[in-house]
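Notes for the structure review
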Amino acid sequence: MKIKIVGGGLAGCEAAFYLLKKGFHVDLYEMRPQVYSPAHKTSRLCELVCSNSLKSISLHTGQGLLKEEMRLLDSLVLTAAEKSKVPAGESLCVDRELFQENIEKILFSFPKFNLIHQEITDVSENSIIATGPLTSSELSKAIISITGKDYFHFYDAISPIITGESINMEKAFWGTRYEKGSPDFINCPLSKEEYIRFYNELVNAETVILKEFEKRELFNSCMPIEEIARTGIDSMRFGPLRPVGLKNDVFGKSYAIVQLRREKIEGEAYNIVGFQTNLKYPEQNRVFQTIPALEKCEFIRYGAMHKNCYLDSPQILSSYGNLLKIPSIFFAGQIIGVEGYMESAASGIVVGINIARFMRNQDLIEFPKNTIIGSLMRYISQENNNFQPMNANFGLFPSDGIKYKDKNLKKDTIVMNALKSVREYVKLLEV
Ligand SMILES: Cc1cc2nc3c(=O)[nH]c(=O)nc-3n(C[C@H](O)[C@H](O)[C@H](O)COP(=O)(O)OP(=O)(O)OC[C@H]3O[C@@H](n4cnc5c(N)ncnc54)[C@H](O)[C@@H]3O)c2cc1C
(Lines give C-alpha, C1' and ligand atoms only; values in the text may rest on other atoms or scores of the structure.)
Protein backbone atom coordinates (compact mmCIF):
# COMPACT_ATOMS: atom_id res chain seq x y z
CA MET A 1 0.00 0.00 0.00
CA LYS A 2 1.20 3.50 -0.84
CA ILE A 3 0.79 6.64 1.24
CA LYS A 4 1.42 10.16 0.08
CA ILE A 5 3.00 12.58 2.51
CA VAL A 6 3.26 16.26 1.66
CA GLY A 7 6.08 18.13 3.42
CA GLY A 8 9.54 16.79 4.24
CA GLY A 9 9.85 18.54 7.58
CA LEU A 10 9.88 17.18 11.12
CA ALA A 11 6.35 15.77 11.06
CA GLY A 12 6.36 14.45 7.51
CA CYS A 13 9.67 12.58 7.96
CA GLU A 14 8.61 11.15 11.29
CA ALA A 15 5.33 9.85 9.81
CA ALA A 16 7.23 8.45 6.82
CA PHE A 17 9.62 6.55 9.10
CA TYR A 18 6.78 4.90 11.00
CA LEU A 19 4.98 3.89 7.81
CA LEU A 20 8.14 2.52 6.18
CA LYS A 21 8.81 0.39 9.26
CA LYS A 22 5.29 -0.99 8.88
CA GLY A 23 5.96 -1.98 5.27
CA PHE A 24 4.11 0.82 3.45
CA HIS A 25 5.39 2.49 0.31
CA VAL A 26 5.85 6.20 1.00
CA ASP A 27 5.89 8.97 -1.58
CA LEU A 28 7.21 12.03 0.26
CA TYR A 29 6.68 15.32 -1.59
CA GLU A 30 8.95 18.19 -0.64
CA MET A 31 8.79 21.45 -2.59
CA ARG A 32 12.40 22.51 -1.89
CA PRO A 33 14.63 23.18 -3.80
CA GLN A 34 12.10 24.11 -6.55
CA VAL A 35 10.17 26.38 -4.19
CA TYR A 36 11.47 27.79 -0.89
CA SER A 37 9.46 29.08 2.05
CA PRO A 38 10.67 32.48 3.30
CA ALA A 39 12.58 30.78 6.15
CA HIS A 40 13.97 27.52 4.72
CA LYS A 41 17.44 27.69 3.16
CA THR A 42 18.50 24.13 2.27
CA SER A 43 17.17 21.44 -0.04
CA ARG A 44 17.45 18.71 2.57
CA LEU A 45 14.82 17.01 4.67
CA CYS A 46 13.97 18.09 8.22
CA GLU A 47 15.49 21.56 8.10
CA LEU A 48 15.53 23.35 11.46
CA VAL A 49 14.53 26.83 10.36
CA CYS A 50 15.79 28.67 13.40
CA SER A 51 17.42 27.49 16.62
CA ASN A 52 19.43 24.24 16.67
CA SER A 53 18.01 23.49 20.11
CA LEU A 54 15.37 20.80 20.54
CA LYS A 55 14.98 22.12 24.08
CA SER A 56 15.25 20.53 27.51
CA ILE A 57 15.94 16.90 28.31
CA SER A 58 15.02 17.30 31.99
CA LEU A 59 12.15 15.01 32.93
CA HIS A 60 10.79 17.80 35.10
CA THR A 61 9.82 19.70 31.96
CA GLY A 62 7.15 19.01 29.37
CA GLN A 63 9.91 18.98 26.73
CA GLY A 64 11.92 16.34 28.57
CA LEU A 65 8.90 14.10 29.04
CA LEU A 66 7.99 14.52 25.38
CA LYS A 67 11.43 13.23 24.39
CA GLU A 68 11.16 10.19 26.65
CA GLU A 69 7.75 9.35 25.22
CA MET A 70 9.17 9.73 21.72
CA ARG A 71 12.09 7.47 22.62
CA LEU A 72 9.63 4.72 23.59
CA LEU A 73 7.96 5.22 20.22
CA ASP A 74 11.27 4.81 18.39
CA SER A 75 11.26 8.38 17.03
CA LEU A 76 13.32 9.12 13.94
CA VAL A 77 13.88 12.75 14.90
CA LEU A 78 15.08 11.89 18.40
CA THR A 79 17.40 9.15 17.11
CA ALA A 80 18.90 11.44 14.45
CA ALA A 81 19.20 14.28 16.98
CA GLU A 82 21.03 12.17 19.52
CA LYS A 83 23.45 11.00 16.83
CA SER A 84 24.20 14.64 15.95
CA LYS A 85 24.14 16.31 19.34
CA VAL A 86 26.50 19.04 20.43
CA PRO A 87 27.24 19.73 24.13
CA ALA A 88 24.51 21.99 25.57
CA GLY A 89 23.91 21.13 29.24
CA GLU A 90 20.32 20.19 29.93
CA SER A 91 19.22 20.81 26.33
CA LEU A 92 19.35 18.62 23.29
CA CYS A 93 21.13 20.73 20.67
CA VAL A 94 22.27 19.43 17.33
CA ASP A 95 24.74 20.02 14.56
CA ARG A 96 21.98 20.84 12.10
CA GLU A 97 23.77 19.56 8.96
CA LEU A 98 24.65 16.27 10.58
CA PHE A 99 21.10 16.03 11.88
CA GLN A 100 19.63 16.36 8.38
CA GLU A 101 22.20 13.93 7.01
CA ASN A 102 21.24 11.35 9.65
CA ILE A 103 17.54 11.75 8.90
CA GLU A 104 18.11 11.18 5.19
CA LYS A 105 20.47 8.25 5.77
CA ILE A 106 17.79 6.44 7.79
CA LEU A 107 14.90 7.18 5.43
CA PHE A 108 16.83 6.28 2.28
CA SER A 109 17.78 2.94 3.82
CA PHE A 110 14.19 1.84 3.12
CA PRO A 111 13.71 0.64 -0.47
CA LYS A 112 10.05 1.68 -0.37
CA PHE A 113 10.93 5.33 0.33
CA ASN A 114 10.44 7.67 -2.60
CA LEU A 115 11.32 11.38 -2.28
CA ILE A 116 9.80 13.66 -4.91
CA HIS A 117 10.86 17.31 -5.05
CA GLN A 118 7.63 18.98 -6.10
CA GLU A 119 5.23 21.58 -4.75
CA ILE A 120 1.83 20.03 -4.16
CA THR A 121 -1.08 22.35 -4.79
CA ASP A 122 -4.06 20.16 -4.03
CA VAL A 123 -5.26 17.90 -1.25
CA SER A 124 -5.83 14.25 -2.01
CA GLU A 125 -7.29 11.34 -0.08
CA ASN A 126 -5.13 8.75 1.73
CA SER A 127 -2.50 11.37 2.36
CA ILE A 128 -0.86 13.30 5.18
CA ILE A 129 -0.41 17.06 4.86
CA ALA A 130 2.59 18.08 6.95
CA THR A 131 3.56 21.33 5.31
CA GLY A 132 4.19 23.28 8.48
CA PRO A 133 3.87 26.91 9.54
CA LEU A 134 4.98 28.15 6.13
CA THR A 135 2.71 26.04 3.92
CA SER A 136 2.92 27.30 0.34
CA SER A 137 0.20 29.69 -0.72
CA GLU A 138 -1.25 27.49 -3.47
CA LEU A 139 -1.64 24.57 -1.10
CA SER A 140 -3.07 26.90 1.57
CA LYS A 141 -5.78 27.87 -0.91
CA ALA A 142 -6.55 24.21 -1.60
CA ILE A 143 -6.78 23.48 2.13
CA ILE A 144 -9.08 26.47 2.65
CA SER A 145 -11.33 25.23 -0.15
CA ILE A 146 -11.89 22.07 1.91
CA THR A 147 -11.92 23.46 5.44
CA GLY A 148 -13.44 26.90 4.84
CA LYS A 149 -11.49 30.12 5.35
CA ASP A 150 -12.54 30.60 8.95
CA TYR A 151 -10.67 27.43 9.89
CA PHE A 152 -7.26 28.30 8.49
CA HIS A 153 -5.08 30.92 10.17
CA PHE A 154 -2.00 32.61 8.73
CA TYR A 155 -0.60 34.40 11.76
CA ASP A 156 0.00 33.77 15.36
CA ALA A 157 -0.23 36.57 17.89
CA ILE A 158 -0.16 34.84 21.22
CA SER A 159 -0.40 36.28 24.70
CA PRO A 160 1.63 34.55 27.41
CA ILE A 161 0.06 31.81 29.51
CA ILE A 162 1.02 31.49 33.17
CA THR A 163 0.26 28.97 35.89
CA GLY A 164 -2.64 29.72 38.24
CA GLU A 165 -0.66 28.76 41.32
CA SER A 166 1.99 31.39 40.59
CA ILE A 167 -0.49 34.32 40.70
CA ASN A 168 -0.41 36.28 43.96
CA MET A 169 -4.15 36.39 44.76
CA GLU A 170 -3.49 38.73 47.68
CA LYS A 171 -2.78 41.36 45.03
CA ALA A 172 -5.57 40.38 42.61
CA PHE A 173 -9.35 39.89 42.61
CA TRP A 174 -12.00 38.03 40.64
CA GLY A 175 -14.49 39.89 38.48
CA THR A 176 -15.77 40.56 34.97
CA ARG A 177 -16.09 44.03 33.46
CA TYR A 178 -19.66 45.38 33.78
CA GLU A 179 -20.53 42.08 35.46
CA LYS A 180 -21.15 40.41 32.14
CA GLY A 181 -21.13 36.63 32.53
CA SER A 182 -19.64 34.87 35.51
CA PRO A 183 -16.68 36.48 37.28
CA ASP A 184 -14.17 34.35 35.44
CA PHE A 185 -11.34 36.85 35.13
CA ILE A 186 -8.57 37.46 37.59
CA ASN A 187 -7.86 41.19 37.76
CA CYS A 188 -4.39 42.46 38.58
CA PRO A 189 -4.52 46.12 39.63
CA LEU A 190 -1.73 48.67 39.32
CA SER A 191 -1.37 51.99 41.11
CA LYS A 192 -0.20 55.02 39.11
CA GLU A 193 3.44 54.51 40.19
CA GLU A 194 3.31 50.78 39.38
CA TYR A 195 1.78 51.49 35.99
CA ILE A 196 4.45 54.05 35.07
CA ARG A 197 7.18 51.66 36.10
CA PHE A 198 5.63 48.85 34.04
CA TYR A 199 5.21 51.20 31.06
CA ASN A 200 8.88 52.28 31.17
CA GLU A 201 10.15 48.71 31.42
CA LEU A 202 7.87 47.63 28.57
CA VAL A 203 8.77 50.30 26.02
CA ASN A 204 12.48 49.85 26.71
CA ALA A 205 12.52 46.04 26.65
CA GLU A 206 14.33 44.00 24.02
CA THR A 207 12.18 42.55 21.26
CA VAL A 208 12.65 39.70 18.79
CA ILE A 209 13.69 40.86 15.35
CA LEU A 210 11.01 39.75 12.93
CA LYS A 211 11.76 38.46 9.46
CA GLU A 212 10.83 40.86 6.64
CA PHE A 213 7.88 38.73 5.52
CA GLU A 214 6.48 38.76 9.04
CA LYS A 215 6.92 42.50 9.58
CA ARG A 216 4.96 43.34 6.44
CA GLU A 217 1.63 41.89 7.44
CA LEU A 218 1.67 40.86 11.04
CA PHE A 219 1.39 44.22 12.76
CA ASN A 220 -1.58 45.16 10.60
CA SER A 221 -3.55 42.25 11.97
CA CYS A 222 -2.67 42.58 15.65
CA MET A 223 -0.66 45.11 17.66
CA PRO A 224 1.80 43.83 20.24
CA ILE A 225 1.29 45.29 23.72
CA GLU A 226 4.66 47.08 23.59
CA GLU A 227 3.64 48.81 20.34
CA ILE A 228 0.33 49.90 21.87
CA ALA A 229 2.35 51.33 24.77
CA ARG A 230 4.65 53.21 22.40
CA THR A 231 1.72 55.13 20.94
CA GLY A 232 1.34 57.03 24.25
CA ILE A 233 1.71 56.54 27.97
CA ASP A 234 -2.04 56.20 28.49
CA SER A 235 -2.86 54.04 25.47
CA MET A 236 -2.84 50.77 27.44
CA ARG A 237 -5.16 52.35 30.04
CA PHE A 238 -7.67 52.97 27.27
CA GLY A 239 -7.07 49.53 25.80
CA PRO A 240 -6.45 46.15 27.45
CA LEU A 241 -5.54 47.68 30.83
CA ARG A 242 -8.61 49.93 31.15
CA PRO A 243 -9.54 50.21 34.83
CA VAL A 244 -13.29 50.40 34.25
CA GLY A 245 -16.42 48.37 34.89
CA LEU A 246 -15.08 46.45 37.87
CA LYS A 247 -17.30 47.24 40.83
CA ASN A 248 -15.65 44.81 43.21
CA ASP A 249 -12.19 46.37 42.89
CA VAL A 250 -11.29 45.60 46.48
CA PHE A 251 -8.13 47.64 46.20
CA GLY A 252 -9.97 50.92 45.69
CA LYS A 253 -10.02 52.66 42.33
CA SER A 254 -7.09 51.12 40.42
CA TYR A 255 -5.13 53.19 37.90
CA ALA A 256 -4.87 50.27 35.46
CA ILE A 257 -5.95 46.63 35.48
CA VAL A 258 -4.38 43.64 33.76
CA GLN A 259 -6.88 40.84 33.23
CA LEU A 260 -6.15 37.12 33.24
CA ARG A 261 -8.50 34.73 31.48
CA ARG A 262 -8.80 31.06 32.32
CA GLU A 263 -7.46 28.95 29.49
CA LYS A 264 -9.75 26.33 27.98
CA ILE A 265 -7.36 23.62 28.96
CA GLU A 266 -7.71 21.56 32.06
CA GLY A 267 -5.17 22.37 34.69
CA GLU A 268 -4.59 25.75 36.19
CA ALA A 269 -3.50 28.08 33.41
CA TYR A 270 -4.29 31.74 32.66
CA ASN A 271 -3.83 33.88 29.57
CA ILE A 272 -2.71 37.51 30.08
CA VAL A 273 -5.44 39.24 28.08
CA GLY A 274 -4.29 41.47 25.21
CA PHE A 275 -0.59 40.85 25.89
CA GLN A 276 0.38 39.46 22.49
CA THR A 277 4.00 40.47 22.37
CA ASN A 278 7.23 40.37 20.54
CA LEU A 279 9.42 40.75 23.62
CA LYS A 280 12.27 38.25 24.01
CA TYR A 281 11.40 35.46 26.44
CA PRO A 282 13.66 36.57 29.35
CA GLU A 283 12.27 40.09 28.91
CA GLN A 284 8.72 38.78 29.26
CA ASN A 285 9.74 37.29 32.60
CA ARG A 286 11.36 40.50 33.76
CA VAL A 287 8.82 43.03 32.50
CA PHE A 288 5.56 41.20 33.23
CA GLN A 289 6.76 40.37 36.74
CA THR A 290 6.70 44.09 37.53
CA ILE A 291 2.89 43.72 37.69
CA PRO A 292 2.37 43.20 41.45
CA ALA A 293 0.09 40.14 41.26
CA LEU A 294 2.43 38.56 38.72
CA GLU A 295 5.65 39.19 40.63
CA LYS A 296 6.41 35.46 40.77
CA CYS A 297 4.46 34.28 37.76
CA GLU A 298 5.61 31.13 35.99
CA PHE A 299 5.21 30.99 32.23
CA ILE A 300 3.70 27.92 30.62
CA ARG A 301 4.03 29.53 27.21
CA TYR A 302 5.56 32.86 26.27
CA GLY A 303 3.86 35.38 24.04
CA ALA A 304 4.90 35.41 20.38
CA MET A 305 4.04 36.94 17.03
CA HIS A 306 5.04 35.26 13.81
CA LYS A 307 3.79 33.88 10.53
CA ASN A 308 2.23 30.54 11.28
CA CYS A 309 -0.28 28.68 9.14
CA TYR A 310 -2.46 26.48 11.28
CA LEU A 311 -5.88 24.93 11.22
CA ASP A 312 -8.60 25.66 13.71
CA SER A 313 -8.20 22.00 14.58
CA PRO A 314 -10.80 21.72 17.38
CA GLN A 315 -13.46 22.55 14.78
CA ILE A 316 -12.34 20.25 12.00
CA LEU A 317 -9.87 17.59 13.13
CA SER A 318 -10.15 14.47 15.27
CA SER A 319 -7.59 13.60 17.93
CA TYR A 320 -6.21 11.04 15.44
CA GLY A 321 -5.24 13.90 13.13
CA ASN A 322 -7.73 13.33 10.31
CA LEU A 323 -10.47 15.60 8.99
CA LEU A 324 -13.86 14.95 10.58
CA LYS A 325 -15.45 15.69 7.20
CA ILE A 326 -13.10 13.59 5.03
CA PRO A 327 -11.46 10.98 7.30
CA SER A 328 -8.97 9.79 4.66
CA ILE A 329 -7.16 13.15 4.80
CA PHE A 330 -4.72 13.50 7.68
CA PHE A 331 -2.73 16.51 8.91
CA ALA A 332 0.42 16.44 11.04
CA GLY A 333 2.94 18.87 12.50
CA GLN A 334 2.70 22.52 13.28
CA ILE A 335 -0.23 22.96 10.88
CA ILE A 336 -2.49 21.13 13.36
CA GLY A 337 -1.68 23.63 16.12
CA VAL A 338 1.19 22.07 17.98
CA GLU A 339 4.16 24.38 18.33
CA GLY A 340 7.83 23.40 18.17
CA TYR A 341 10.16 20.98 16.44
CA MET A 342 9.65 18.01 18.77
CA GLU A 343 5.91 18.55 19.19
CA SER A 344 5.54 18.55 15.40
CA ALA A 345 7.59 15.38 15.06
CA ALA A 346 5.58 13.66 17.82
CA SER A 347 2.32 14.44 16.07
CA GLY A 348 3.83 12.85 12.95
CA ILE A 349 4.16 9.56 14.84
CA VAL A 350 0.54 9.66 16.06
CA VAL A 351 -0.74 10.45 12.59
CA GLY A 352 1.52 7.79 11.04
CA ILE A 353 0.06 5.19 13.39
CA ASN A 354 -3.48 6.21 12.58
CA ILE A 355 -3.21 6.48 8.81
CA ALA A 356 -1.63 2.99 8.84
CA ARG A 357 -4.64 1.71 10.77
CA PHE A 358 -7.02 3.61 8.50
CA MET A 359 -5.51 2.04 5.38
CA ARG A 360 -5.85 -1.41 6.94
CA ASN A 361 -9.47 -0.79 7.95
CA GLN A 362 -8.60 -0.95 11.63
CA ASP A 363 -10.13 1.32 14.27
CA LEU A 364 -8.21 4.53 14.85
CA ILE A 365 -6.86 4.88 18.36
CA GLU A 366 -6.41 7.79 20.72
CA PHE A 367 -3.04 8.27 22.28
CA PRO A 368 -3.28 7.76 26.08
CA LYS A 369 -4.60 10.94 27.68
CA ASN A 370 -2.21 10.93 30.62
CA THR A 371 0.81 11.32 28.33
CA ILE A 372 2.21 14.58 27.01
CA ILE A 373 1.63 13.49 23.41
CA GLY A 374 -1.94 12.45 24.23
CA SER A 375 -2.53 15.77 26.00
CA LEU A 376 -1.35 17.68 22.95
CA MET A 377 -3.60 15.66 20.64
CA ARG A 378 -6.48 16.23 23.03
CA TYR A 379 -5.67 19.95 23.15
CA ILE A 380 -5.82 20.29 19.38
CA SER A 381 -9.13 18.46 19.15
CA GLN A 382 -11.12 19.59 22.17
CA GLU A 383 -13.50 22.55 22.00
CA ASN A 384 -11.68 25.86 22.28
CA ASN A 385 -13.03 29.24 21.21
CA ASN A 386 -9.61 30.82 21.33
CA PHE A 387 -7.49 28.10 19.78
CA GLN A 388 -3.82 28.89 19.43
CA PRO A 389 -0.79 26.66 18.89
CA MET A 390 0.60 24.98 21.97
CA ASN A 391 3.89 23.48 23.02
CA ALA A 392 4.49 20.56 25.38
CA ASN A 393 4.02 21.63 29.00
CA PHE A 394 2.73 20.21 32.26
CA GLY A 395 -0.22 22.64 32.26
CA LEU A 396 -1.84 20.43 29.62
CA PHE A 397 -2.43 17.63 32.09
CA PRO A 398 -5.82 17.49 33.76
CA SER A 399 -5.67 17.89 37.51
CA ASP A 400 -5.70 14.54 39.35
CA GLY A 401 -7.44 16.22 42.29
CA ILE A 402 -4.50 15.61 44.64
CA LYS A 403 -2.95 18.61 46.42
CA TYR A 404 0.80 18.09 46.22
CA LYS A 405 2.97 20.00 48.67
CA ASP A 406 6.04 19.28 46.58
CA LYS A 407 5.85 20.36 42.92
CA ASN A 408 8.57 17.89 41.96
CA LEU A 409 6.59 15.02 43.43
CA LYS A 410 3.65 16.05 41.27
CA LYS A 411 5.88 16.08 38.18
CA ASP A 412 7.44 12.72 39.10
CA THR A 413 3.96 11.21 39.37
CA ILE A 414 2.90 12.64 36.00
CA VAL A 415 6.08 11.38 34.33
CA MET A 416 5.83 7.90 35.85
CA ASN A 417 2.19 7.49 34.78
CA ALA A 418 2.83 8.88 31.31
CA LEU A 419 5.76 6.60 30.54
CA LYS A 420 3.88 3.58 31.89
CA SER A 421 0.98 4.38 29.55
CA VAL A 422 3.25 4.81 26.53
CA ARG A 423 4.95 1.46 27.26
CA GLU A 424 1.54 -0.25 27.47
CA TYR A 425 0.37 1.47 24.29
CA VAL A 426 3.48 0.38 22.40
CA LYS A 427 3.12 -3.21 23.62
CA LEU A 428 -0.61 -3.45 22.99
CA LEU A 429 -0.50 -2.06 19.49
CA GLU A 430 2.91 -3.32 18.52
CA VAL A 431 3.75 0.17 17.28
C1 LIG B 1 10.68 31.49 11.30
C2 LIG B 1 10.40 30.32 12.19
C3 LIG B 1 11.25 30.05 13.27
C4 LIG B 1 11.00 28.95 14.11
N5 LIG B 1 11.84 28.68 15.14
C6 LIG B 1 11.65 27.59 15.93
C7 LIG B 1 12.56 27.24 16.97
O8 LIG B 1 13.57 27.91 17.18
N9 LIG B 1 12.29 26.15 17.74
C10 LIG B 1 11.20 25.36 17.51
O11 LIG B 1 11.01 24.36 18.23
N12 LIG B 1 10.32 25.67 16.53
C13 LIG B 1 10.53 26.76 15.73
N14 LIG B 1 9.65 27.08 14.73
C15 LIG B 1 8.53 26.26 14.52
C16 LIG B 1 9.03 25.14 13.59
O17 LIG B 1 9.06 25.51 12.26
C18 LIG B 1 8.12 24.05 13.61
O19 LIG B 1 7.92 23.75 14.92
C20 LIG B 1 8.57 22.81 12.90
O21 LIG B 1 9.58 22.96 11.94
C22 LIG B 1 7.32 22.36 12.26
O23 LIG B 1 7.52 21.10 11.73
P24 LIG B 1 6.60 20.70 10.52
O25 LIG B 1 7.08 19.37 10.08
O26 LIG B 1 5.18 20.85 10.88
O27 LIG B 1 6.91 21.80 9.40
P28 LIG B 1 8.30 22.11 8.65
O29 LIG B 1 9.45 21.61 9.42
O30 LIG B 1 8.25 23.54 8.28
O31 LIG B 1 8.18 21.23 7.34
C32 LIG B 1 7.22 21.49 6.37
C33 LIG B 1 7.82 21.17 5.02
O34 LIG B 1 6.80 21.24 4.03
C35 LIG B 1 7.33 21.83 2.85
N36 LIG B 1 6.19 22.37 2.09
C37 LIG B 1 5.41 23.46 2.38
N38 LIG B 1 4.44 23.57 1.46
C39 LIG B 1 4.60 22.55 0.57
C40 LIG B 1 3.91 22.13 -0.59
N41 LIG B 1 2.84 22.80 -1.05
N42 LIG B 1 4.33 21.03 -1.28
C43 LIG B 1 5.43 20.33 -0.83
N44 LIG B 1 6.14 20.69 0.25
C45 LIG B 1 5.71 21.78 0.96
C46 LIG B 1 8.30 22.86 3.39
O47 LIG B 1 9.28 23.19 2.42
C48 LIG B 1 8.90 22.14 4.60
O49 LIG B 1 10.07 21.44 4.28
C50 LIG B 1 9.87 28.15 13.88
C51 LIG B 1 9.01 28.44 12.81
C52 LIG B 1 9.27 29.50 11.97
C53 LIG B 1 8.35 29.76 10.84
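Keep in mind that this is a model prediction, so the values were computed, not measured.

Next up on the list: unusual backbone geometry. Across the chain, the bulk of peptide bonds are trans and the bulk of non-glycine residues have phi less than zero. For the peptide bond that leads from arginine 32 to proline 33, omega is 0°, which places it in the cis range. Residue aspartate 74 is not a glycine yet carries a positive backbone phi of 60°. One non-glycine residue with positive phi stands out, namely asparagine 126, at about 55°. Tracing the backbone through its elements, the reader meets asparagine 126 in the loop between strand 6 (113-117) and strand 7 (127-129). Accessibility expressed as a C-beta count within 10 Å gives 14 for asparagine 126, which makes it partly exposed.

Of the pairings in the sheet, the one linking strand 1 (residues 2-6) to strand 2 (residues 25-30) comprises five bridges and is parallel in character. Each bridged residue has a counterpart across the sheet, and for isoleucine 5 the counterpart in strand 2 is leucine 28. Here five bridges tie strand 2 to strand 6, and the two strands are oriented parallel to one another. Its bridge partner lying in strand 6, leucine 28 is registered against leucine 115.

Further remarks concern the domain arrangement of the chain. If you check the domain split of the chain, you get domain 1 (2-155 + 306-429) and domain 2 (161-302). Distance from the C-alpha centre of domain 1 to the C-alpha centre of domain 2: 31 Å.

Taking strand neighbours across the sheet as the criterion, the three strands line up as 3-5-4 in an open arrangement whose pairing is antiparallel. Strands at the two margins of the open sheet, each flanked by one partner only, are strand 3 (53-56) and strand 4 (85-86). As paired strands, strand 4 and strand 5 (residues 91-94) are joined by two bridges and run antiparallel to one another. Note on strand 5: the bridge partner recorded for lysine 85 is valine 94.

Here we have five strands laid out as an open sheet, ordered 6-2-1-7-16, and parallel in their pairing. Of all the strands in the sheet, the pair left with one neighbour each is strand 6 and strand 16 (329-331). Strand after strand, the sheet turns through a mean of 20° between neighbouring axes, direction not considered. In the sheet, strand 7 pairs with strand 16 via three bridges, with the strands oriented parallel. The residue bridging serine 127 from the neighbouring strand is isoleucine 329, located in strand 16.

The next thing to look at is the nonpolar core. One finds Ile5, Ala15, Ala16, Ile128 and Leu376 to be the most contacted residues of the largest nonpolar core, which totals 81 residues. A per-element tally of this core places helix 11 (residues 341-359) first, with ten residues. Among all residues touching alanine 16, those that are not within four sequence positions of it are Ile5, Val26, Leu28, Leu107 and Phe113. Core analysis: the next-biggest nonpolar cluster, separate from the first, contains 35 residues, Ile161, Ile186, Cys188 and Tyr270 among them.

A word on helix 6 (residues 192-203). Between its terminal C-alpha atoms helix 6 stretches 17 Å, which fits the 16 Å expected from twelve residues at 1.5 Å a residue. Among the residues of helix 6, Tyr195, Phe198, Tyr199 and Leu202 are the ones counted as buried. When helix 6 is viewed along its axis, its buried side chains cluster within an angular range of 100° and face the same direction. For helix 6, the elements touching its buried residues are strand 11 (185-190), helix 8 (225-230), strand 12 (256-262) and helix 9 (281-288).

With that settled, consider the site of the ligand. By nearness alone, 33 residues border the ligand, and Gly7, Gly9, Cys50, Gly132 and Gly333 come closest of all. For the shell around the ligand, the secondary structure elements donating two or more residues are helix 1 (10-21), strand 2 and helix 11. Counting residues per element, the shell around the ligand draws most heavily on helix 1, at three residues. The residue inventory of the shell around the ligand, partitioned by class, reads 15 nonpolar, 15 polar and three charged.

The residue alanine 80 is located in helix 3 (residues 76-83) in this model. It is 7.9 Å that separates the C-alpha atoms of alanine 80 and glutamine 100, two residues lying 20 residues apart in sequence.

Now for the packing of helix 2 (residues 62-72) against helix 11. Where helix 2 contacts helix 11, the two axes come as close as 10 Å, and the packing angle between them is 30°. Taken as axis vectors, helix 2 and helix 11 run roughly parallel relative to one another. Here the hand of the crossing between helix 2 and helix 11 comes out left-handed. Two secondary-structure elements touch here, helix 2 through Gln63, Leu66, Lys67 and Met70 and helix 11 through Met342, Glu343 and Ala346. Here the contact of helix 2 with helix 11 is built from residues that sort into four nonpolar, one polar and two charged.

In this section: the pairing of strand 12. Of all seven residues in strand 12, five are buried, a share of seventy percent or more. Where strand 11 and strand 12 come together, six bridges link them in antiparallel fashion. Within strand 12, the position partnered with asparagine 187 by the bridge is glutamine 259. Where strand 12 and strand 13 (residues 269-272) come together, three bridges link them in antiparallel fashion. Paired with leucine 260 across the bridge in strand 13 is isoleucine 272.

Calculation rules
- Residue numbers run consecutively from 1 along every chain, following the written order of its sequence.
- Given that this is a predicted model, residues contribute local features only at a pLDDT of at least 70 and side-chain atom pairs are listed and counted only at 80 or more, while totals for whole chains, interfaces and linings are drawn from all residues.
- Secondary structure elements follow DSSP: runs of H or I of four or more residues count as helices, runs of E of two or more count as strands, with numbering from the N terminus.
- Each residue is classified by how many other C-beta atoms fall within 10 Å of its C-beta atom, where C-beta atoms are placed from the backbone; a count of 20 or more means buried, 12 or fewer means exposed, and values in between mean partly exposed.
- Only strands that DSSP links by at least two bridges are regarded as paired with each other.
- For the domains described, the bounds stem from an automatic or database domain assignment.
- Every angle, taken between N-to-C directions, lies between 0 and 180 degrees, and every axis is a line fitted to C-alpha atoms, over only the stretch in contact when it is a helix.
- In plain words, the nonpolar core is the set of buried Ala, Val, Leu, Ile, Met, Phe, Trp, Tyr and Cys residues that C-beta atoms within 7 Å link up.
- Note on contacts: residues are paired as contacts if their backbone-placed C-beta atoms lie within 7 Å.
- Between the first and last residue of a helix there are one fewer steps than residues, each counted as 1.5 Å, and that sum is the expected span.
- It is the directions from the helix axis to the C-beta atoms that the arc portrays.
- Using the backbone to place each C-beta atom, any residue with that atom within 6 Å of a molecule or strand is considered near it.
- The classification used treats Ala, Val, Leu, Ile, Met, Phe, Trp, Tyr, Cys and Pro as nonpolar, Asp, Glu, Lys and Arg as charged, and all other residues, Gly among them, as polar.
- Angular relationships are summarised with four words: roughly parallel below 35 degrees, roughly antiparallel beyond 145, roughly perpendicular across 65 to 115, and oblique for the angles in between.
- Here is the rule for handedness: rotate from the far helix to the near one, and if that takes an anticlockwise turn smaller than a right angle the crossing is left-handed, while a clockwise turn gives right-handed.

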